[in-house]
Amino acid sequence: MLQNSPSGFRHTNISAAIREIAPTAVLVRVYPERRSVTHLFESDFYRMLIDRRSEERVAQVIRRGFGNTADWRLAHDYYLPTGTLYLTPEPHQNGYIPEDDQCFGLALARRIATADGSY
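J.: Give a detailed account of the confidence of the model for the protein, specifying residues and quantitative values.
T.: Summarising the model, the protein shows a mean pLDDT of 82, and 81% of its residues fall at 70 or more. By mean pLDDT, the top-scoring element of the protein is helix H2 (residues 52-66) (93), and the lowest-scoring one is helix H1 (residues 11-21) (85). Across residues 1-11, where pLDDT falls below 50, the model places 20 contacts with residues more than four positions away in sequence or in other chains.

J.: Can you lay out the environment of Leu85 for me, pointing to particular residues and giving the numbers?
T.: Relative to the assigned elements, Leu85 resides in strand E4 (residues 84-87). Accessibility expressed as a relative area gives 0% for Leu85, which makes it buried. Residues Leu85 and Leu27 lie 58 residues apart in sequence; the distance between their C-alpha atoms is 9.8 Å. With residues up to four places along the chain from it excluded, the contact list for Leu85 reads Ile62, Phe66, Ala70, Trp72, His76, Asp77, Tyr78, Arg110, Arg111, Ile112 and Ala113.

J.: How would you explain the pattern of salt bridges if you had to name every residue and give the values?
T.: For the coordinates displayed, the defined rule picks out five salt bridges. Two residues, Arg29 and Asp77, come together in a salt bridge whose shortest N-O distance is 2.7 Å. Here the residue Arg29 occupies a position in strand E1 (residues 27-30), and Asp77 occupies one in strand E3 (residues 76-79), the gap between them amounting to 48 residues. For Glu56, the salt bridge is made with Arg52, and the minimal N-O distance between the two is 3.5 Å. Within this pair, Glu56 and its partner Arg52 are both found in helix H2, separated by four residues, close to a single helical turn. A relative accessible area of 37% means that Glu56 is categorised as partly exposed. For Arg52, a relative accessible area of 30% puts it in the partly exposed group. Connected through salt bridges with shared partners, the residues Arg52, Glu55 and Glu56 form a single ionic network.

J.: Account for the nonpolar core, naming residues and giving values.
T.: Residues Ile14, Ile18, Val28, Ile62, Phe66 and Tyr78 are the most contacted members of the largest nonpolar core, which totals 21 residues. Breaking this core down by element, the ones donating at least two residues are H1, E1 and H2. Examining the composition of this core, we find that five residues originate from one element, H2, more than from any other. Excluding its chain neighbours within four sequence positions, the residues that come into contact with Ile62 are Ile14, Ile18, Val28, Val30, Trp72, Tyr78 and Leu85.

Quick notes on the rules
Residues numbered from 1 in each chain as written. Predicted model: local features only at pLDDT ≥ 70, side-chain atom pairs only at ≥ 80, totals over all residues. Heavy atoms only, no water. pLDDT = per-residue confidence, 0-100. Helix = DSSP H or I, 4+ residues; strand = E, 2+ residues; numbered from the N terminus. Contact = heavy atoms within 4.5 Å. Buried < 20%, exposed > 50% of the residue type's maximum accessible area, 1.4 Å probe, protein only. Salt bridge = Lys/Arg side-chain N within 4 Å of Asp/Glu carboxyl O. Core = buried A, V, L, I, M, F, W, Y, C linked by side-chain atoms within 4.5 Å.

So, in structure tokens, the structure goes:
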């Protein structure tokens, strides 16, 4: 079944699935499962306040979509407009607080993959 195959996902499918849950989301920060938290941000850099179950669903969509491409022991940012997964900056680095560098910390050096399979 294409929907359940990590290689079958496209960024439009991942982003569309997330927008069904959180229509105004632009960035999703997926923390390691042991932290049991996911943050969603809108385009104005404000965190969205959504229920925990919705956060978990969004994190599952991203983890399933990128499968073994990322080391899920680390935090990652998924940018919906481009379908790109980035390694989250560390708390002391520019971009950890999304509004501090006005680009959500989406530096090319941190790019892990795009949902269409390119790196």
